[in-house]
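Structural overview for review
The chain contents come next:
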Amino acid sequence: MGHDRQIKSLHGNELLTKIREIAKKFPEVIEAVDKFGHTSFRVKDKPFVMMGENGDNLTLSIKTLKTTQQLLLQEQDRFFKTPYIGQHGWTSVSTNQKLNWNVIEGFILEGYLQAAPRNLSKGLIEALKNE
């Protein structure tokens, strides 16, 4: 039995729209809602960004390198290990404060590059170098 916890709040939908704009810039990204109602952005069925909402609790989780995660957890109180999957480098961001979208976009790119097959990540890196 699936849960019906998709993003429903105004704040959640605004955040989802912004995340969608960033994630959809990358090759072969799809958006999916899992059986728990979490919205994820995936490349070749591997998630690199996930969002969920449960009442007033809105979560944004990004696949980061473990070294990036360690730095974020030490330096910034708005980042925390994502429950259940944090040991795999997933880092959550507190969404109740104004977000620095340049920073968030960098972390989403990092997550994409980890999840994407080598040919896609290599092609994206080359395209970014040529911008």
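Everything discussed here concerns the structure shown above.
As a further point, take the overall build of the protein chain. Helix and strand counts for the protein chain stand at 4 helices and 6 strands. Counted from the first residue to the last, the protein chain has its helices and strands arranged as α-β-β-β-β-α-β-β-α-α. When the backbone C-alpha atoms are referred to their principal axes, the protein chain occupies close to 45 × 35 × 25 Å. Each of the 131 residues in the protein chain was classed as buried or not, and the buried ones make up 40%. When contacts within the protein chain are restricted to residue pairs at least 6 apart in sequence, long-range pairs at least 24 apart make up 52% of them. For the protein chain, the accessible area works out to roughly 8000 Å², and carbon and sulfur atoms hold 51% of it. Distance between charge centroids for the protein chain: 6 Å, based on 18 positive and 15 negative side chains.

Interaxial distance between helix H3 (residues 101-115) and helix H4 (residues 118-129) falls to 8 Å at its minimum, and their mutual angle equals 140°. Between H3 and H4, the angle is such that the two are oblique. On H4, the residues touching Leu109, Tyr112 and Leu113 of H3 are Leu120, Ser121, Leu124, Ile125 and Leu128. When the residues that make up the contact of H3 with H4 are grouped by side-chain class, the tally is 7 nonpolar, 1 polar and no charged.

Attention shifts here to the sheet that holds strand S3 (residues 46-54). Spatially, S1-S2-S3-S4-S6-S5 is the arrangement adopted by the 6 strands of the open sheet, whose pairing is antiparallel. At either margin of the open sheet sits one strand with a lone partner, and together these are strand S1 (29-33) and strand S5 (79-81). Between one strand and the next, the sheet's axes are offset by a mean angle of 25°, whatever the strand orientation. With 5 bridges connecting them, strand S4 (residues 57-63) and strand S6 (residues 90-94) associate as antiparallel partners. Within S6, the position partnered with threonine 59 by the bridge is serine 94. Each of S1, strand S2 (39-43), S3 and S4 touches helix H1 (residues 10-23); the most contacted strand, S3, lies at about 170° to it.

On to the layout of surface pockets, then. The probe, sized like a water molecule, is rolled over the atoms to show the empty space still left. By volume, the largest pocket is sized at about 440 Å³. Elements that contribute at least two residues to the lining of the largest pocket include exactly S3, S4 and S6. Element by element, the count of residues in the lining of the largest pocket is highest for S4, at 4 residues. Tallied by class, the residues present in the lining of the largest pocket amount to 9 nonpolar, 10 polar and 2 charged.

In the contact formed by H1 and H3, the axes pass within 10 Å of each other and the chain directions differ by 55°. Taken together, the axis directions place H1 and H3 in an arrangement best described as oblique. The way H1 lies across H3 gives a crossing that is right-handed. For the pair formed by H1 and H3, the contact residues are Leu15, Lys18, Ile19 and Ile22 on the first element and Trp101, Ile104, Glu105 and Ile108 on the second. By residue class, the composition of the contact of H1 with H3 is 6 nonpolar, no polar and 2 charged.

Cut-off values and rules
- Residues numbered from 1 in each chain as written.
- Predicted model: local features only at pLDDT ≥ 70, side-chain atom pairs only at ≥ 80, totals over all residues.
- Heavy atoms only, no water.
- Helix = DSSP H or I, 4+ residues; strand = E, 2+ residues; numbered from the N terminus.
- Buried < 20%, exposed > 50% of the residue type's maximum accessible area, 1.4 Å probe, protein only.
- Contact = heavy atoms within 4.5 Å.
- Areas by Shrake-Rupley, 256 points an atom, 1.4 Å probe, with all protein chains shown as cover.
- Lys, Arg positive; Asp, Glu negative; His and termini not counted.
- Charge placed at Lys NZ, Arg CZ, Asp CG, Glu CD.
- Axes fitted to C-alpha atoms, helices over the stretch in contact; angles between N-to-C directions.
- Parallel < 35°, antiparallel > 145°, perpendicular 65-115°, else oblique.
- Nonpolar A, V, L, I, M, F, W, Y, C, P; charged D, E, K, R; others polar.
- Pairing = 2+ DSSP bridges.
- 1 Å grid on protein atoms, 1.4 Å probe; cavity = no way out; pocket = protein on both sides within 12 Å on 5 of 7 lines; lining within 4 Å.
- Points joined across faces, edges and corners; volume = space filled by probe spheres on them.
- Left-handed = near helix turned anticlockwise from the far one by under 90°.

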